[in-house]
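Structural description and commentary
Residue-level listing of the chains:
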Amino acid sequence: MDTQHVPYERAFIFSAAIRIFHWLRALAILVLVVTGFYIAWPFLVAPSNSDVLVQGWIRFAHQVFGFLLCAITLARAYLFFFSKSDIERRSFQDVTNINSWITQLKSYMWMGHLDKKGVYGPLQFVTYFAISVIAALICITGLVLYANVYHEGLGGMLWNSAAWITAQMGGLAQVRLWHHYFTWVFIIFVVIHVYMAVWTGIRFKHNSVDSIVSGYDYHPKKH
Ligand code: HEM
């Protein structure tokens, strides 16, 4: 399409905090998936005469980025509820409106346009909500695994709750297994998320991916 003759307008949609947390979270998830899989199946073997503690360093990186993810998960939940701009919260109105669901699903099949109250469509909002719940669960199971290894400091502080959660989940092996299953939810989410981010930008002629870098969305002017 000849975009030169189509009047575009610009809207500021994502604050600096939201953009920084988005990319920090992306980095943390990438590092956690790679280091987590290494912990589960140590595929790099240090030479037998080496004193480099590969597993130890990988576990260290996993914990650093694990705590980073815990912090971002909390900060991001706070921002959702209390940020100055209500552009994310407004999207909830579409989740509770059946017509908005129909409009979104139809627009995905090239029928009509997506008309949103906030920044996300209803399906997108529900997906992000679900992945936030999984993020909370992977953080909780991660902290339980942590407390079972480190009994002092934070691990000690968390011990009582960790022991209770471990018992509820049917033992430490189950905690580890669920932590592992949740990893796959993230992998599947990231593949779909990146695909949809690019696809919706093309489908709805706006700069979907760039907006989480610059904060600005560009889209054809509404008449
Ligand atoms: C997207 C986030 C995360 C992913 C993808 C992830 C992935 C994994 C995976 C695949 C394992 C190996 C499990 C197994 O042995 O089968 C693991 C282990 C572990 N994770 Fe995570 N994790 C994440 C977040 C966290 C967080 C937030 C913490 C808490 C600080 C954490 C702490 C741990 C610990 C302590 C282990 C070691 C378990 C052991 O010694 O067997 N993880 N993680």
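Our subject in this report is the structure included herewith. Everything numeric in this text was worked out from a predicted model, so none of it was measured.

**Quick word on the overall build of the protein chain**
What the protein chain contains, in helices and strands, is eight helices and two strands. Counting from the amino terminus, helix and strand elements in the protein chain follow one another as β-α-α-α-α-α-α-α-α-β. C-alpha extents for the protein chain along the principal axes are approximately 70 × 40 × 30 Å. Across the 223 residues of the protein chain, 16% fall into the buried class. For the protein chain, restricting intrachain contacts to residue pairs at least 6 apart in sequence, the fraction spanning at least 24 positions comes to 63%.

**Topic: unusual backbone geometry**
Positive phi is not limited to glycine here, since tryptophan 110 has a value of about 60 degrees. One can find tryptophan 110 in the loop between helix H4 (98-108) and helix H5 (122-149). Notably, lysine 205 is not glycine yet its phi reads approximately 50 degrees, a positive angle. Structurally, lysine 205 can be placed in the loop between helix H7 (172-203) and helix H8 (208-214). Classification of lysine 205 as partly exposed rests on a count of 15 C-beta atoms within 10 Å.

**Brief notes about the nonpolar core**
The biggest cluster of nonpolar side chains holds 15 residues, and the ones touching the most others in it are Ala28, Leu32, Phe65, Leu69, Cys139 and Val144. Residue assignment for this core shows that the elements contributing at least two residues are helix H1 (16-40), helix H2 (54-82) and H5. In this structure cysteine 139 touches Leu69, Cys70 and Thr73, once residues within four positions along its chain are discounted.

**A short note on the environment of alanine 162**
Along the chain, alanine 162 falls in helix H6 (residues 153-168). In the structure, alanine 162 is positioned 21 residues away from threonine 141 in sequence and 8.6 Å away in space, judged by C-alpha atoms.

**Quick notes on the packing of H5 against H6**
As a packed pair, H5 and H6 sit with axes 8 Å apart at the nearest point and diverge in direction by 115 degrees. Taken together, the axis directions place H5 and H6 in an arrangement best described as roughly perpendicular. Here H5 runs over H6; the crossing is left-handed. Where H5 approaches H6, its residues Ile140, Leu143, Val144, Tyr146, Ala147 and Asn148 are matched on the opposing element by Gly155, Leu158, Trp159, Ala162, Ile165 and Thr166. Of the residues contributing to the contact of H5 with H6, the split by class is nine nonpolar, three polar and no charged.

**Observations regarding the site of the ligand**
Surrounding the ligand, one finds 24 residues, the nearest of these being Leu32, Gly36, Ala40, Gly66 and Gly142. For the shell around the ligand, the secondary structure elements donating two or more residues are H1, H2, H5 and H7. No other element matches H1, which puts seven residues into the shell around the ligand. Looking at the shell around the ligand residue by residue, the class counts come to 15 nonpolar, eight polar and one charged.

**A look at H5**
Between its first and last C-alpha atoms H5 spans 41 Å; for 28 residues at 1.5 Å apiece the expected length is 40 Å, and the two agree. Turning to H5, its buried residues number three or more, namely Pro122, Gln124, Phe125, Ala135, Ile138, Cys139, Ile140, Thr141, Gly142, Val144, Leu145 and Ala147. Those residues of H5 that are buried are in contact with H2, helix H3 (92-95), H4, H6 and H7.

Criteria and thresholds
- Residues numbered from 1 in each chain as written.
- Predicted model: local features only at pLDDT ≥ 70, side-chain atom pairs only at ≥ 80, totals over all residues.
- Helix = DSSP H or I, 4+ residues; strand = E, 2+ residues; numbered from the N terminus.
- Buried ≥ 20, exposed ≤ 12 C-beta atoms within 10 Å, placed from the backbone.
- Contact = placed C-beta atoms within 7 Å.
- Core = buried A, V, L, I, M, F, W, Y, C linked by C-beta atoms within 7 Å.
- Axes fitted to C-alpha atoms, helices over the stretch in contact; angles between N-to-C directions.
- Parallel < 35°, antiparallel > 145°, perpendicular 65-115°, else oblique.
- Left-handed = near helix turned anticlockwise from the far one by under 90°.
- Nonpolar A, V, L, I, M, F, W, Y, C, P; charged D, E, K, R; others polar.
- Near = placed C-beta within 6 Å.
- Expected span 1.5 Å × (residues − 1).

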